[in-house]
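Coordinate analysis (summary)
So the chains spell out like this:
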Amino acid sequence: MSARTVTVATSDHGDVTMAEPSWCDGLHKTGGARSDLTHNGLPLEVAFNDGTVLAYGQLCQWPYSEVASRKPYIAVELGGGEHEYDDADLVELQQKLATFAAVTIPELRVRLSAALAEARL
Ligand SMILES: [Zn+2]
């Protein structure tokens with residue numbers, strides 16, 4: 001368990017002091033319900049050469065969730081919407097997806113494993 005703590009003002013439980021995981025970015029929304037408090041890790045992104053993010057994943061946790069697991073998990077978002085590709089774009093897409101599968105997802109698994117060990121949940 002991390003020795004760090006963070007205190008966040010909530011609308012229903014006043015100031016809540018909670019353990020701050022080592023992987024959290026330290027940004028917490030204040031003024032909401034305690035059950036809406038989250039920890040978020042820095043995202044790992046795969047982006048096209050023009051900077052458009054194709055996919056990202058990050059550690060997340062809802063430490064006071066009343067409806068879902070309180071364990072850390074990985075959130076993955078894939079670029080939404082329809083895009084137009086020519087052949088060169090398709091080659092780039094293929095390379096980026098391969099990188100996401102071969103590099104990013106294994107790194108996310110390592111991060112999740114460490115976060116679960118730290119949380120001891
Ligand atoms: Zn946090």
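Thresholds, definitions, all that
Once a new chain begins, its residue numbering starts again from 1 and follows that chain's sequence as written. For this predicted model, a pLDDT threshold of at least 70 governs which residues receive local features, and a threshold of 80 or more governs which side-chain atom pairs are given and counted, while totals over whole chains, interfaces and linings are taken from all residues. Secondary structure elements follow DSSP: runs of H or I no shorter than four residues count as helices, runs of E no shorter than two count as strands, and numbering proceeds from the N terminus. Note on pairing: DSSP must find at least two bridges between two strands before they are called paired. Helix span, as expected, comes to 1.5 Å for every residue beyond the first. To obtain the bend at a residue, axes are fitted to the seven residues ending there and to the seven starting there, and the angle between these axes is taken. Partly exposed residues are those falling between the two cut-offs: more than 12 but fewer than 20 other C-beta atoms within 10 Å of their own, whereas 20 or more means buried and 12 or fewer means exposed, with C-beta atoms placed from the backbone. Whether two residues are in contact is decided by their C-beta atoms, placed from the backbone, lying within 7 Å.

Topic: the environment of Val 103
As for its placement among the helices and strands, Val 103 is situated in helix 1 (residues 87–119). Residues Val 103 and Glu 92 lie 11 residues apart in sequence; the distance between their C-alpha atoms is 16 Å.

Thoughts on the pairing of strand 4 (residues 44–47)
As defined by bridge partners, strand 4 adjoins strand 5 (residues 53–61) across four bridges and the pair is classed as antiparallel. Bridged to Val 46 within strand 5 is Ala 55. In this antiparallel pair of consecutive strands, strand 4 and strand 5, the connection spans five residues, and Gly 51 shows a positive phi of 95 degrees.

Re the environment of Glu 66
Tracing the backbone shows Glu 66 in the loop between strand 5 and strand 6 (73–78). Spatially, the C-alpha atom of Glu 66 lies 9.6 Å from that of Arg 34, the residues being 32 residues apart in sequence.

Focus: helix 1
The end-to-end C-alpha distance of helix 1 is 46 Å, a good match for the 48 Å that 33 residues give at a rise of 1.5 Å each. By the largest-angle criterion, Phe 100 marks the main kink of helix 1, which is about 35 degrees. Here helix 1 has its buried residues at Lys 96, Phe 100, Leu 108 and Ala 115. Close packing links the buried residues of helix 1 with strand 4, strand 5 and strand 6. Remark: Arg 120 follows helix 1 within two positions and exhibits a positive phi of approximately 50 degrees.

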